[in-house]
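# A closer look at the structure
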Amino acid sequence: MQNNFFYYLCSILTTLFMKRIGLLYMVLLLVFSLSGCKGKREEQTQKAFDTIPMLVNEIQKCSRLYTVEYKIHKIITHDDRKTIKGSLFNKAFSLDIPMSKRMVAIPMDATIKGYIDFYSFSSKNVKRTGNKIEITLPDPRITMTATKIDHNHVKQFVNFMRSDFTDAELSDFERQGRAQIIHDISQTDILENARLGAAKVLIPLLRQAGYNEKDITISFRNNLQSGDIPTLIDKTNEHGK
Amino acid sequence: MESNKRRSFLRSIINKLSLKGALMLGSVLLLLVVVSLILRWIDKSNSLYIEENKRIDLTPTLIKSIEEIGEWEFLQLTDEELVDTIKHGFFGDSRLVRIYYGTLRLGFNLHEAGPGWLKQDKDTLRLMLPPIRLLDKDFIDEARTKAFYESGSWTEADKQALYDRAYKLMMQRCVTTANIQTARRNACLQMESMMRSMGFGAVKATFAQPER
(Lines give C-alpha, C1' and ligand atoms only; values in the text may rest on other atoms or scores of the structure.)
Protein backbone atom coordinates (compact mmCIF):
# COMPACT_ATOMS: atom_id res chain seq x y z
CA MET A 1 0.00 0.00 0.00
CA GLN A 2 2.80 2.42 1.01
CA ASN A 3 4.79 1.46 -2.05
CA ASN A 4 1.81 2.33 -4.21
CA PHE A 5 1.47 5.71 -2.51
CA PHE A 6 5.13 6.58 -3.09
CA TYR A 7 4.85 5.45 -6.66
CA TYR A 8 1.90 7.81 -7.28
CA LEU A 9 3.60 10.69 -5.46
CA CYS A 10 6.78 10.29 -7.46
CA SER A 11 4.88 10.10 -10.71
CA ILE A 12 2.87 13.29 -9.89
CA LEU A 13 6.02 15.20 -8.92
CA THR A 14 7.76 14.08 -12.08
CA THR A 15 4.81 15.21 -14.18
CA LEU A 16 4.74 18.60 -12.46
CA PHE A 17 8.43 19.12 -13.00
CA MET A 18 8.08 18.03 -16.60
CA LYS A 19 5.50 20.78 -17.07
CA ARG A 20 7.68 23.27 -15.16
CA ILE A 21 4.87 23.90 -12.71
CA GLY A 22 6.92 22.38 -9.92
CA LEU A 23 9.59 24.97 -10.55
CA LEU A 24 7.01 27.73 -10.15
CA TYR A 25 5.82 26.25 -6.85
CA MET A 26 9.40 26.05 -5.63
CA VAL A 27 9.98 29.73 -6.47
CA LEU A 28 6.75 30.75 -4.73
CA LEU A 29 7.72 28.71 -1.65
CA LEU A 30 11.12 30.39 -1.56
CA VAL A 31 9.59 33.88 -1.85
CA PHE A 32 7.06 33.10 0.87
CA SER A 33 9.73 31.78 3.25
CA LEU A 34 11.93 34.82 2.58
CA SER A 35 9.08 37.22 3.28
CA GLY A 36 8.41 35.33 6.50
CA CYS A 37 12.04 35.80 7.57
CA LYS A 38 11.81 39.52 6.83
CA GLY A 39 8.65 39.80 8.88
CA LYS A 40 10.39 38.20 11.85
CA ARG A 41 13.32 40.59 11.67
CA GLU A 42 11.24 43.79 11.35
CA GLU A 43 8.81 45.01 13.92
CA GLN A 44 5.22 45.51 12.79
CA THR A 45 4.66 49.16 12.05
CA GLN A 46 1.35 51.02 12.24
CA LYS A 47 2.70 54.35 11.03
CA ALA A 48 0.56 55.71 8.21
CA PHE A 49 1.61 58.19 5.55
CA ASP A 50 -0.15 59.79 2.64
CA THR A 51 0.74 59.90 -1.03
CA ILE A 52 -0.75 60.89 -4.40
CA PRO A 53 -2.29 64.29 -3.88
CA MET A 54 -4.56 65.26 -6.76
CA LEU A 55 -6.70 68.25 -7.45
CA VAL A 56 -9.43 69.27 -9.80
CA ASN A 57 -11.03 72.57 -8.94
CA GLU A 58 -13.47 74.97 -10.43
CA ILE A 59 -13.58 78.69 -9.80
CA GLN A 60 -16.82 80.54 -10.25
CA LYS A 61 -17.49 84.24 -9.81
CA CYS A 62 -20.85 84.90 -8.22
CA SER A 63 -22.89 87.28 -6.12
CA ARG A 64 -24.98 85.44 -3.58
CA LEU A 65 -26.46 86.77 -0.40
CA TYR A 66 -26.81 83.97 2.18
CA THR A 67 -29.52 85.02 4.59
CA VAL A 68 -30.33 81.98 6.70
CA GLU A 69 -28.39 79.01 8.02
CA TYR A 70 -29.84 75.74 9.31
CA LYS A 71 -27.68 73.33 11.29
CA ILE A 72 -29.04 69.82 10.91
CA HIS A 73 -28.25 66.67 12.86
CA LYS A 74 -29.12 63.16 11.82
CA ILE A 75 -28.19 59.70 12.97
CA ILE A 76 -28.05 57.36 10.00
CA THR A 77 -28.84 53.80 10.99
CA HIS A 78 -28.63 50.61 9.01
CA ASP A 79 -29.83 47.20 10.13
CA ASP A 80 -28.51 44.42 7.97
CA ARG A 81 -29.53 40.80 8.38
CA LYS A 82 -29.25 38.15 5.69
CA THR A 83 -32.54 36.47 4.90
CA ILE A 84 -33.26 33.41 2.83
CA LYS A 85 -36.30 34.16 0.75
CA GLY A 86 -38.10 32.14 -1.81
CA SER A 87 -41.22 30.21 -2.65
CA LEU A 88 -42.04 26.54 -2.42
CA PHE A 89 -45.00 25.30 -4.45
CA ASN A 90 -46.20 28.87 -4.88
CA LYS A 91 -45.99 29.55 -1.14
CA ALA A 92 -43.58 32.38 -0.21
CA PHE A 93 -41.32 32.01 2.79
CA SER A 94 -38.69 34.10 4.53
CA LEU A 95 -36.10 32.85 6.99
CA ASP A 96 -33.54 34.97 8.86
CA ILE A 97 -30.09 33.41 8.80
CA PRO A 98 -28.93 33.11 12.41
CA MET A 99 -25.84 35.08 13.47
CA SER A 100 -25.93 37.22 10.33
CA LYS A 101 -26.83 40.54 11.93
CA ARG A 102 -24.85 43.71 11.34
CA MET A 103 -25.79 47.20 12.55
CA VAL A 104 -24.26 50.62 12.19
CA ALA A 105 -25.16 54.09 13.46
CA ILE A 106 -23.49 57.12 11.87
CA PRO A 107 -24.08 60.56 13.43
CA MET A 108 -23.95 63.29 10.82
CA ASP A 109 -24.16 67.09 10.88
CA ALA A 110 -25.14 69.17 7.89
CA THR A 111 -25.24 72.89 7.13
CA ILE A 112 -27.95 74.17 4.82
CA LYS A 113 -28.19 77.77 3.73
CA GLY A 114 -30.80 79.82 1.96
CA TYR A 115 -29.59 82.52 -0.42
CA ILE A 116 -30.63 85.05 -3.04
CA ASP A 117 -28.67 85.04 -6.28
CA PHE A 118 -27.85 88.62 -7.26
CA TYR A 119 -25.73 87.67 -10.26
CA SER A 120 -28.54 88.43 -12.71
CA PHE A 121 -29.97 91.30 -10.65
CA SER A 122 -30.61 94.37 -12.83
CA SER A 123 -32.68 97.54 -13.08
CA LYS A 124 -35.56 95.31 -14.24
CA ASN A 125 -35.88 94.17 -10.61
CA VAL A 126 -36.25 97.75 -9.35
CA LYS A 127 -39.20 100.10 -9.59
CA ARG A 128 -38.82 103.70 -8.40
CA THR A 129 -41.67 106.13 -8.04
CA GLY A 130 -40.71 109.42 -6.43
CA ASN A 131 -39.14 108.66 -3.07
CA LYS A 132 -40.43 105.10 -3.06
CA ILE A 133 -38.45 102.06 -4.15
CA GLU A 134 -39.77 98.57 -4.78
CA ILE A 135 -37.33 95.70 -5.28
CA THR A 136 -38.50 92.36 -6.61
CA LEU A 137 -35.95 89.74 -5.68
CA PRO A 138 -35.30 86.47 -7.48
CA ASP A 139 -36.57 83.28 -5.82
CA PRO A 140 -34.49 82.23 -2.85
CA ARG A 141 -32.46 79.07 -3.32
CA ILE A 142 -31.27 76.43 -0.91
CA THR A 143 -27.90 74.73 -0.82
CA MET A 144 -26.19 72.18 1.38
CA THR A 145 -22.83 73.79 2.10
CA ALA A 146 -21.24 71.10 4.25
CA THR A 147 -21.73 67.70 5.87
CA LYS A 148 -19.58 66.22 8.61
CA ILE A 149 -19.47 62.70 9.98
CA ASP A 150 -18.91 62.45 13.73
CA HIS A 151 -16.27 59.72 13.47
CA ASN A 152 -15.78 59.55 17.25
CA HIS A 153 -19.34 58.36 17.78
CA VAL A 154 -19.85 55.95 14.89
CA LYS A 155 -21.01 52.61 16.34
CA GLN A 156 -20.82 49.27 14.58
CA PHE A 157 -22.13 45.91 15.77
CA VAL A 158 -21.05 43.05 13.54
CA ASN A 159 -21.69 39.38 14.25
CA PHE A 160 -18.55 37.28 14.19
CA MET A 161 -19.96 35.32 11.24
CA ARG A 162 -20.13 38.48 9.10
CA SER A 163 -17.45 40.66 7.58
CA ASP A 164 -17.02 44.28 8.75
CA PHE A 165 -18.72 47.10 6.89
CA THR A 166 -16.49 48.25 4.06
CA ASP A 167 -15.66 51.89 3.43
CA ALA A 168 -17.73 51.72 0.23
CA GLU A 169 -20.79 50.45 2.13
CA LEU A 170 -20.48 53.14 4.82
CA SER A 171 -20.02 55.86 2.18
CA ASP A 172 -23.16 54.64 0.45
CA PHE A 173 -25.15 54.89 3.71
CA GLU A 174 -23.81 58.41 4.26
CA ARG A 175 -24.90 59.41 0.76
CA GLN A 176 -28.37 58.00 1.45
CA GLY A 177 -28.52 59.98 4.71
CA ARG A 178 -27.53 63.14 2.85
CA ALA A 179 -30.33 62.55 0.34
CA GLN A 180 -32.82 62.07 3.22
CA ILE A 181 -31.79 65.44 4.72
CA ILE A 182 -32.29 67.18 1.36
CA HIS A 183 -35.69 65.54 1.08
CA ASP A 184 -36.68 66.54 4.64
CA ILE A 185 -35.56 70.17 4.26
CA SER A 186 -38.50 70.81 1.96
CA GLN A 187 -40.77 70.31 4.98
CA THR A 188 -39.19 73.20 6.89
CA ASP A 189 -39.79 76.94 6.63
CA ILE A 190 -36.30 77.65 5.26
CA LEU A 191 -37.64 79.33 2.13
CA GLU A 192 -39.75 81.79 4.10
CA ASN A 193 -36.87 82.48 6.49
CA ALA A 194 -34.52 83.08 3.54
CA ARG A 195 -36.93 85.68 2.15
CA LEU A 196 -37.33 87.37 5.54
CA GLY A 197 -33.55 87.36 6.00
CA ALA A 198 -33.05 89.01 2.63
CA ALA A 199 -35.44 91.81 3.57
CA LYS A 200 -33.66 92.24 6.92
CA VAL A 201 -30.35 92.72 5.11
CA LEU A 202 -31.55 94.96 2.28
CA ILE A 203 -33.82 97.34 4.21
CA PRO A 204 -31.01 98.66 6.50
CA LEU A 205 -28.77 98.89 3.42
CA LEU A 206 -31.27 101.06 1.56
CA ARG A 207 -31.97 103.09 4.70
CA GLN A 208 -28.29 103.94 4.94
CA ALA A 209 -28.37 104.90 1.28
CA GLY A 210 -30.95 107.57 2.06
CA TYR A 211 -34.38 105.93 1.78
CA ASN A 212 -37.02 106.06 4.50
CA GLU A 213 -38.02 102.64 5.80
CA LYS A 214 -41.68 103.23 4.93
CA ASP A 215 -40.73 103.92 1.30
CA ILE A 216 -38.92 100.59 0.85
CA THR A 217 -40.76 97.51 -0.44
CA ILE A 218 -39.01 94.18 -0.89
CA SER A 219 -41.13 91.66 -2.73
CA PHE A 220 -40.79 88.17 -4.13
CA ARG A 221 -42.65 86.05 -6.63
CA ASN A 222 -46.12 85.60 -5.11
CA ASN A 223 -47.02 82.22 -6.49
CA LEU A 224 -44.08 80.48 -4.83
CA GLN A 225 -45.37 77.34 -3.14
CA SER A 226 -43.74 74.96 -0.68
CA GLY A 227 -43.95 72.37 -3.44
CA ASP A 228 -41.45 74.45 -5.39
CA ILE A 229 -38.73 73.84 -2.80
CA PRO A 230 -37.28 70.73 -4.47
CA THR A 231 -36.67 72.78 -7.62
CA LEU A 232 -34.96 75.50 -5.59
CA ILE A 233 -32.41 73.18 -3.95
CA ASP A 234 -29.00 73.31 -5.60
CA LYS A 235 -28.04 70.03 -7.19
CA THR A 236 -24.49 68.87 -6.64
CA ASN A 237 -22.70 66.97 -9.35
CA GLU A 238 -22.18 63.45 -8.13
CA HIS A 239 -18.82 62.63 -9.59
CA GLY A 240 -18.66 59.40 -11.52
CA LYS A 241 -22.45 59.11 -11.59
CA MET B 1 -34.01 4.40 -53.47
CA GLU B 2 -32.93 5.71 -50.03
CA SER B 3 -36.51 6.54 -48.95
CA ASN B 4 -37.72 3.06 -49.92
CA LYS B 5 -35.03 1.55 -47.73
CA ARG B 6 -35.98 3.75 -44.74
CA ARG B 7 -39.70 2.92 -45.11
CA SER B 8 -39.04 -0.79 -45.23
CA PHE B 9 -36.84 -0.47 -42.09
CA LEU B 10 -39.61 1.31 -40.13
CA ARG B 11 -42.20 -1.18 -41.37
CA SER B 12 -40.04 -4.07 -40.18
CA ILE B 13 -39.79 -2.50 -36.66
CA ILE B 14 -43.57 -1.93 -36.45
CA ASN B 15 -44.21 -5.46 -37.58
CA LYS B 16 -41.88 -6.78 -34.91
CA LEU B 17 -43.64 -4.80 -32.12
CA SER B 18 -46.39 -6.69 -30.37
CA LEU B 19 -49.43 -4.90 -28.85
CA LYS B 20 -47.87 -5.23 -25.43
CA GLY B 21 -44.66 -3.58 -26.62
CA ALA B 22 -46.55 -0.75 -28.25
CA LEU B 23 -48.46 -0.11 -25.03
CA MET B 24 -45.20 -0.12 -23.08
CA LEU B 25 -43.63 2.38 -25.45
CA GLY B 26 -46.71 4.61 -25.30
CA SER B 27 -46.81 4.57 -21.50
CA VAL B 28 -43.08 5.43 -21.30
CA LEU B 29 -43.61 8.39 -23.64
CA LEU B 30 -46.64 9.51 -21.60
CA LEU B 31 -44.59 9.25 -18.37
CA LEU B 32 -41.83 11.36 -19.90
CA VAL B 33 -44.31 14.07 -20.88
CA VAL B 34 -45.90 14.05 -17.37
CA VAL B 35 -42.50 14.20 -15.62
CA SER B 36 -41.33 17.09 -17.81
CA LEU B 37 -44.56 19.01 -17.09
CA ILE B 38 -44.17 18.45 -13.33
CA LEU B 39 -40.54 19.60 -13.44
CA ARG B 40 -41.53 22.71 -15.33
CA TRP B 41 -44.25 23.51 -12.76
CA ILE B 42 -41.81 22.97 -9.86
CA ASP B 43 -39.28 25.27 -11.52
CA LYS B 44 -41.91 27.98 -11.91
CA SER B 45 -43.43 27.74 -8.43
CA ASN B 46 -40.19 27.38 -6.47
CA SER B 47 -37.39 29.85 -5.99
CA LEU B 48 -34.61 30.43 -3.46
CA TYR B 49 -32.33 33.46 -2.93
CA ILE B 50 -30.50 35.32 -0.17
CA GLU B 51 -31.65 38.88 0.44
CA GLU B 52 -29.44 41.59 1.94
CA ASN B 53 -30.70 45.01 3.01
CA LYS B 54 -28.75 47.85 1.35
CA ARG B 55 -31.01 50.74 2.41
CA ILE B 56 -30.70 52.88 5.52
CA ASP B 57 -33.54 53.15 8.04
CA LEU B 58 -35.85 56.15 8.12
CA THR B 59 -34.66 58.30 11.03
CA PRO B 60 -35.68 61.81 12.09
CA THR B 61 -33.81 64.83 10.79
CA LEU B 62 -33.31 67.30 13.64
CA ILE B 63 -32.79 71.04 13.27
CA LYS B 64 -30.11 72.00 15.80
CA SER B 65 -30.18 75.74 15.10
CA ILE B 66 -31.58 78.40 12.79
CA GLU B 67 -29.53 81.55 12.36
CA GLU B 68 -30.05 84.70 10.34
CA ILE B 69 -26.88 85.53 8.48
CA GLY B 70 -25.74 88.16 6.02
CA GLU B 71 -22.94 86.50 4.10
CA TRP B 72 -22.23 87.81 0.63
CA GLU B 73 -20.35 85.35 -1.56
CA PHE B 74 -18.29 86.53 -4.53
CA LEU B 75 -16.05 83.59 -5.38
CA GLN B 76 -16.87 79.91 -5.17
CA LEU B 77 -14.16 77.29 -5.41
CA THR B 78 -15.19 73.70 -5.94
CA ASP B 79 -12.44 71.31 -5.01
CA GLU B 80 -11.85 67.57 -4.84
CA GLU B 81 -8.93 65.88 -3.18
CA LEU B 82 -7.71 62.33 -3.56
CA VAL B 83 -6.13 61.35 -0.26
CA ASP B 84 -4.68 57.98 0.63
CA THR B 85 -2.93 56.31 3.49
CA ILE B 86 -0.85 53.14 3.83
CA LYS B 87 -0.28 50.93 6.85
CA HIS B 88 2.61 48.46 6.72
CA GLY B 89 1.84 45.19 8.42
CA PHE B 90 3.26 41.72 8.91
CA PHE B 91 0.96 40.09 6.33
CA GLY B 92 1.18 42.89 3.80
CA ASP B 93 0.28 46.54 3.38
CA SER B 94 -3.18 47.99 3.97
CA ARG B 95 -4.31 50.90 1.87
CA LEU B 96 -7.23 53.32 2.01
CA VAL B 97 -7.96 55.82 -0.76
CA ARG B 98 -10.83 58.32 -0.53
CA ILE B 99 -11.95 61.28 -2.64
CA TYR B 100 -13.27 64.27 -0.71
CA TYR B 101 -15.45 67.01 -2.21
CA GLY B 102 -15.64 70.54 -0.91
CA THR B 103 -16.85 74.00 -1.88
CA LEU B 104 -15.02 76.99 -0.45
CA ARG B 105 -16.87 80.28 -0.48
CA LEU B 106 -15.06 83.60 -0.38
CA GLY B 107 -16.92 86.77 0.47
CA PHE B 108 -17.73 89.11 3.32
CA ASN B 109 -20.07 89.08 6.26
CA LEU B 110 -22.31 92.15 6.39
CA HIS B 111 -22.45 91.81 10.18
CA GLU B 112 -18.76 92.74 10.18
CA ALA B 113 -19.37 95.98 8.30
CA GLY B 114 -18.43 99.04 10.33
CA PRO B 115 -20.82 101.89 11.13
CA GLY B 116 -21.35 104.15 8.16
CA TRP B 117 -19.96 101.59 5.72
CA LEU B 118 -22.45 102.88 3.17
CA LYS B 119 -22.86 106.64 2.83
CA GLN B 120 -23.75 109.32 0.34
CA ASP B 121 -20.80 111.60 -0.34
CA LYS B 122 -22.08 114.47 -2.49
CA ASP B 123 -23.28 112.77 -5.70
CA THR B 124 -21.39 109.52 -5.07
CA LEU B 125 -22.54 106.57 -2.99
CA ARG B 126 -19.49 105.19 -1.18
CA LEU B 127 -19.33 101.62 0.15
CA MET B 128 -16.60 100.58 2.58
CA LEU B 129 -16.78 96.79 2.38
CA PRO B 130 -15.74 94.42 5.19
CA PRO B 131 -12.72 92.17 4.53
CA ILE B 132 -12.98 89.18 2.24
CA ARG B 133 -12.60 85.88 4.04
CA LEU B 134 -13.64 82.26 3.95
CA LEU B 135 -17.35 82.45 4.76
CA ASP B 136 -17.72 79.03 6.37
CA LYS B 137 -15.03 76.93 8.00
CA ASP B 138 -17.06 73.79 7.30
CA PHE B 139 -16.80 73.35 3.56
CA ILE B 140 -16.26 69.64 2.98
CA ASP B 141 -19.31 67.64 1.97
CA GLU B 142 -18.12 64.50 3.73
CA ALA B 143 -21.30 62.55 3.02
CA ARG B 144 -20.39 62.74 -0.68
CA THR B 145 -16.97 61.23 -0.09
CA LYS B 146 -16.12 58.49 -2.53
CA ALA B 147 -14.54 55.34 -1.15
CA PHE B 148 -12.10 54.69 -3.96
CA TYR B 149 -10.02 51.78 -2.66
CA GLU B 150 -9.75 49.85 0.58
CA SER B 151 -7.60 46.94 1.64
CA GLY B 152 -7.12 45.83 5.22
CA SER B 153 -9.08 47.16 8.18
CA TRP B 154 -9.40 50.84 9.03
CA THR B 155 -10.76 52.67 12.03
CA GLU B 156 -12.89 55.79 12.22
CA ALA B 157 -9.83 57.61 13.63
CA ASP B 158 -7.97 56.83 10.38
CA LYS B 159 -10.85 58.32 8.37
CA GLN B 160 -10.86 61.43 10.57
CA ALA B 161 -7.12 61.80 9.89
CA LEU B 162 -7.78 61.59 6.14
CA TYR B 163 -10.54 64.20 6.46
CA ASP B 164 -8.18 66.55 8.31
CA ARG B 165 -5.57 66.09 5.60
CA ALA B 166 -8.07 66.78 2.81
CA TYR B 167 -9.21 69.90 4.73
CA LYS B 168 -5.68 71.27 4.92
CA LEU B 169 -5.05 70.54 1.23
CA MET B 170 -8.22 72.35 0.18
CA MET B 171 -7.36 75.34 2.34
CA GLN B 172 -3.85 75.52 0.89
CA ARG B 173 -5.04 75.28 -2.68
CA CYS B 174 -8.08 77.53 -2.55
CA VAL B 175 -7.61 80.22 0.09
CA THR B 176 -4.76 81.92 -1.72
CA THR B 177 -3.89 85.60 -2.07
CA ALA B 178 -4.73 85.45 -5.78
CA ASN B 179 -8.20 84.05 -5.10
CA ILE B 180 -8.88 86.58 -2.35
CA GLN B 181 -7.91 89.39 -4.74
CA THR B 182 -10.21 87.96 -7.42
CA ALA B 183 -13.03 87.88 -4.87
CA ARG B 184 -12.29 91.49 -3.83
CA ARG B 185 -12.40 92.72 -7.42
CA ASN B 186 -15.63 90.82 -8.10
CA ALA B 187 -17.15 92.13 -4.84
CA CYS B 188 -16.50 95.75 -5.89
CA LEU B 189 -17.92 95.12 -9.37
CA GLN B 190 -21.03 93.32 -8.12
CA MET B 191 -21.85 95.77 -5.33
CA GLU B 192 -21.40 98.79 -7.62
CA SER B 193 -23.54 97.13 -10.30
CA MET B 194 -26.28 96.25 -7.81
CA MET B 195 -26.43 99.76 -6.35
CA ARG B 196 -26.48 101.30 -9.83
CA SER B 197 -29.40 98.97 -10.71
CA MET B 198 -31.18 100.44 -7.68
CA GLY B 199 -30.93 103.89 -9.21
CA PHE B 200 -27.76 105.33 -7.68
CA GLY B 201 -25.78 107.05 -10.43
CA ALA B 202 -22.22 107.17 -9.13
CA VAL B 203 -21.17 104.32 -6.85
CA LYS B 204 -17.69 103.60 -5.50
CA ALA B 205 -16.99 100.40 -3.54
CA THR B 206 -13.68 99.95 -1.72
CA PHE B 207 -12.28 97.84 1.07
CA ALA B 208 -11.15 99.18 4.41
CA GLN B 209 -8.03 97.03 4.19
CA PRO B 210 -5.79 97.73 1.16
CA GLU B 211 -5.16 95.00 -1.41
CA ARG B 212 -2.06 92.93 -0.56
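Keep in mind it's a predicted model, so treat the numbers as computed, not measured.

The subject of this paragraph is the overall build of chain A. Along its length, chain A carries 5 helices and 8 strands. Listing the helices and strands of chain A from first to last along the sequence gives α-α-β-β-β-β-β-β-β-α-α-β-α. Burial status across chain A gives 22% buried among its 241 residues. Looking at chain A alone, contacts between residues at least 24 apart form 81% of all its contacts between residues at least 6 apart.

Our next topic: the overall build of chain B. Within chain B, the regular secondary structure consists of 4 helices and 8 strands. For chain B, the succession of helices and strands along the chain, N to C, is α-α-β-β-β-β-β-β-β-α-α-β. Whereas a compact globule of 212 residues would reach a radius of gyration of roughly 17 Å, chain B reaches 40 Å, over 25% beyond that. Dimensions of chain B, computed from the C-alpha atoms along their principal axes, are close to 125 × 60 × 45 Å. Every one of the 212 residues in chain B was classed for burial, and the buried ones make up 28%. Long-range contacts, defined as pairs at least 24 residues apart, comprise 77% of the intrachain contacts of chain B with a sequence gap of at least 6.

A few words now on the confidence of the model for chain A. Residues and elements named next belong to chain A. Looking at chain A, pLDDT values average 79 and 71% of them are 70 or higher. When the criterion is pLDDT under 50, residues 16-45 qualifies, and its contacts beyond four places in sequence or with other chains add up to 9 contacts. In the predicted structure, residues 237-241 sits below a pLDDT of 50 and forms 3 contacts with residues beyond four places in sequence or in another chain.

This brings us to the sheet that holds strand β4 (residues 118-121) of chain B. Residue and element names in this part refer to chain B. With mixed pairing, the 3 strands of this open sheet are ordered in space as β4-β5-β8. In this open sheet, the two strands that pair with only one neighbour each are β4 and β8 (202-207). Across the sheet, the mean angle separating the axes of adjacent strands is 25° when strand polarity is ignored. Relative to the sheet, helix α4 (residues 177-197) contacts β5 (124-129) and β8, its axis offset from that of β8 by approximately 155°.

Attention now moves to helix α4 (residues 190-208) of chain A. All names here are of chain A. For α4, spanning 19 residues, the distance from its first C-alpha to its last is 27 Å, which sits close to the expected 27 Å at 1.5 Å a residue. Along α4, the positions that sit buried rather than exposed are Ile-190, Leu-191, Ala-194, Arg-195, Gly-197, Ala-198, Val-201 and Leu-202. Down the axis of α4, the buried set is contained in an arc of 160°. They therefore lie on one face. Looking at the residues trailing α4, positive phi occurs at Gly-210, about 120°.

Moving on, we come to the sheet that holds strand β5 (residues 132-136) of chain A. Pairing between the strands of a sheet comes from backbone hydrogen bonds, and it takes one of two forms, parallel or antiparallel. All names here are of chain A. An order of β4-β5-β8 is seen for the 3 strands of this open sheet, with the pairing classed as mixed. Two strands close off the open sheet at either side, each with one partner strand: β4 (126-129) and β8 (216-219). Within this sheet the neighbouring strands show an average axis-to-axis angle of 15°, counted without direction. Sheet strands in contact with α4 are β5 and β8, and its direction is about 155° off that of β8.

This brings us to the interface of chain B and chain A. Each partner contributes to the interface: chain B provides 80 residues, whereas chain A provides 91 residues. Elements represented by at least two residues in the side of chain B that touches chain A include exactly β1 (47-51), β2 (61-87), β3 (94-109), β4, β7 (146-151), α3 (156-174) and α4 of chain B. Top element by residues in the side of chain B that touches chain A is β2(B). It accounts for 27 residues. Grouping the constituent residues of the side of chain B that touches chain A by class yields 31 nonpolar, 22 polar and 27 charged.

The next subject is helix α2 (residues 19-45) of chain B. Compared with an ideal rise of 1.5 Å per residue, which puts 27 residues at 39 Å, α2(B) spans 39 Å between its outermost C-alpha atoms and is within 8% of the ideal. Among the 27 residues of α2(B), 0 are classified as buried, and the element is accordingly described as predominantly exposed.

Residue and element names in this part refer to chain B. As for its placement among the helices and strands, Ile-99 is situated in strand β3. Along the chain, Ile-99 and Ile-180 lie 81 residues apart, while their C-alpha atoms are 25 Å from each other. With near-sequence residues (within four places) excluded, Ile-99 lies in contact with Glu-80, Leu-82, Thr-145, Lys-146 and Phe-148.

We now examine the environment of Asp96(A). Residue and element names in this part refer to chain A. By secondary structure assignment, the location of Asp-96 is in strand β3 (residues 91-117). Judged by local crowding, Asp-96 falls into the exposed class, with 11 C-beta atoms found within 10 Å. Here the alpha-carbon distance between Asp-96 and Asp-167, two residues 71 residues apart in the chain, equals 25 Å.

What follows covers the nonpolar core. Ranked by size, the top nonpolar core spans 67 residues in total, and within it Leu65(A), Ile106(A), Ile112(A) and Ile190(A) carry the most contacts. At 7 residues, β3(A) tops the list of elements feeding residues into this core. Not counting the four nearest positions on each side in its chain, Leu65(A) is found in contact with Tyr115(A), Ile116(A), Phe118(A), Ala198(A), Val201(A) and Trp72(B).

Residues and elements named next belong to chain A. Relative to β5, β4 is paired through 4 bridges, and the arrangement is antiparallel. Paired with Arg-128 across the bridge in β5 is Ile-133. Linking β4 back to β5 in an antiparallel pair, the connection comprises 2 residues, with Gly-130 at a positive phi of about 65°.

Right, let's talk about the environment of Thr206(B) for a bit. Residue and element names in this part refer to chain B. For Thr-206, the location among the structural elements is in strand β8. Spatially, the C-alpha atoms of Thr-206 and Lys-137 are 25 Å apart, while their sequence positions differ by 69 residues. If we skip the residues at most four places from it in the chain, Thr-206 touches Met-128 and Leu-129.

Domain assignment breaks chain B into domain 1 (2-45) and domain 2 (71-207). Put simply, the middle of domain 1 of chain B and the middle of domain 2 of chain B, counted by C-alpha atoms, are 82 Å apart.

The next point concerns unusual backbone geometry. Glycine aside, a negative phi is what most residues show, and trans is what most peptide bonds show. Residues other than glycine seldom take positive phi values, yet Met99(A) does so here, at roughly 55°. Of note, Met99(A) is situated in strand β3. On the basis of neighbour count, Met99(A) is assigned to the exposed category, with 11 C-beta atoms found within 10 Å. Even without being a glycine, Lys122(B) presents a positive backbone phi close to 55°. Mapping Lys122(B) onto the fold places it in the loop between β4 and β5. On the basis of neighbour count, Lys122(B) is assigned to the exposed category, with 7 C-beta atoms found within 10 Å.

Reading the values: rules and limits
- Residues numbered from 1 in each chain as written.
- Chains lettered and ligands numbered in written order.
- Predicted model: local features only at pLDDT ≥ 70, side-chain atom pairs only at ≥ 80, totals over all residues.
- Helix = DSSP H or I, 4+ residues; strand = E, 2+ residues; numbered from the N terminus.
- Buried ≥ 20, exposed ≤ 12 C-beta atoms within 10 Å, placed from the backbone.
- Contact = placed C-beta atoms within 7 Å.
- Rg over C-alpha atoms; globule rule 2.2 N^0.38 Å.
- pLDDT = per-residue confidence, 0-100.
- Pairing = 2+ DSSP bridges.
- Axes fitted to C-alpha atoms, helices over the stretch in contact; angles between N-to-C directions.
- Expected span 1.5 Å × (residues − 1).
- Arc of directions from axis to C-beta.
- Nonpolar A, V, L, I, M, F, W, Y, C, P; charged D, E, K, R; others polar.
- Core = buried A, V, L, I, M, F, W, Y, C linked by C-beta atoms within 7 Å.
- Domains from an automatic or database assignment.

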